[in-house]
Amino acid sequence: KIFHTMNIQNKTAIVTGASRGIGLAIAKALVNEGVTVAGWSRTPPDTFTHDRFHHIKADLTVETSVNEAFEETVNKLGDSIPILINNAGMGYRGVMDEMPSDKWRELFDLNVHGLFYTTKRIIPGMKEAGEGHIINIGSGAGTNGIAGMSAYCGTKFAVVGITESLHQELRDFGVKVSCLSPGSVD
């Protein structure tokens, strides 16, 4: 089978968690490469504006909010969205026996369930188009446990497993699925 590299210029991407940090840096890099970006987050970036960057309000922990953000994105930018960067995430330090249950749920709701809600919406269009690339932002904590970070590690192990499974589900449709796992970042 011959693999091709997608030309990303003039394509559309959804980047979750695009208001700051890695997500904002990814959004800026994509815009600089000629991509139109729908930056999904609860709040818009403080300082970044560009005619190819469109902030879409989304709370990824709530499936109805993800569905509304997807519809708004399609209405503004069209239904051809071949790039999805699942970047939104959060961490929490705390040993398990002292961790508040709401913090545990909060991490899984954003880092895992939010990825599911978003990816579920975008897959049909990628399959129909016969192309796409889903990039999930994992972590070194998704392959090695870290004391005091069981919840975060659990969510990132889930991201790695989901990525590997999606790769197998989608490769015959021309859709690539990758997981990038950065170490500690500023």
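Residues numbered from 1 in each chain as written. Predicted model: local features only at pLDDT ≥ 70, side-chain atom pairs only at ≥ 80, totals over all residues. Heavy atoms only, no water.

Draft legend 1. Focus on empty space enclosed by the protein. Under the criterion given, the structure shown has one cavity of 30 Å³ or more. Reported here for the largest cavity is a volume of approximately 70 Å³. In terms of lining residues, the largest cavity is bounded by Thr 16, Leu 60, Asn 86, Ala 88, Leu 110, Asn 111, Gly 114, Leu 115, Ile 137, Lys 156 and Val 159. Secondary structure elements with two or more residues in the lining of the largest cavity: helix H3 (101-129) and helix H4 (150-170). (1 Å grid on protein atoms, 1.4 Å probe; cavity = no way out; pocket = protein on both sides within 12 Å on 5 of 7 lines; lining within 4 Å. Points joined across faces, edges and corners; volume = space filled by probe spheres on them. Helix = DSSP H or I, 4+ residues; strand = E, 2+ residues; numbered from the N terminus.)

Draft legend 2. Region of interest: unusual backbone geometry. With phi around 65°, Asn 10 is a residue other than glycine that occupies positive phi space. Mapped onto the secondary structure, Asn 10 falls in the segment before strand S1 (12-16). When its relative accessible area of 70% is taken as the criterion, Asn 10 is described as exposed. (Buried < 20%, exposed > 50% of the residue type's maximum accessible area, 1.4 Å probe, protein only.)

Draft legend 3. Main features of the layout of surface pockets. By volume, the largest pocket amounts to about 980 Å³. Surrounding the largest pocket, 35 residues form its lining, Asn 87, Ala 88, Gly 89, Met 90 and Gly 91 being those nearest its centre. Among the secondary structure elements, those contributing two or more residues to the lining of the largest pocket are helix H1 (21-32), strand S2 (36-41) and H4. If one sorts the elements of the lining of the largest pocket by residue count, H1 sits on top with three residues. Looking at side-chain class alone, the lining of the largest pocket contains 15 nonpolar, 14 polar and six charged residues. Empty space within the second largest pocket amounts to approximately 240 Å³. Asp 79, Ser 80, Ile 81, Gly 125 and Met 126 are, among the 15 residues lining the second largest pocket, the residues nearest its centre. Sorting the residues of the lining of the second largest pocket by element identifies helix H2 (63-77) and H3 as the ones contributing at least two each. (Nonpolar A, V, L, I, M, F, W, Y, C, P; charged D, E, K, R; others polar.)

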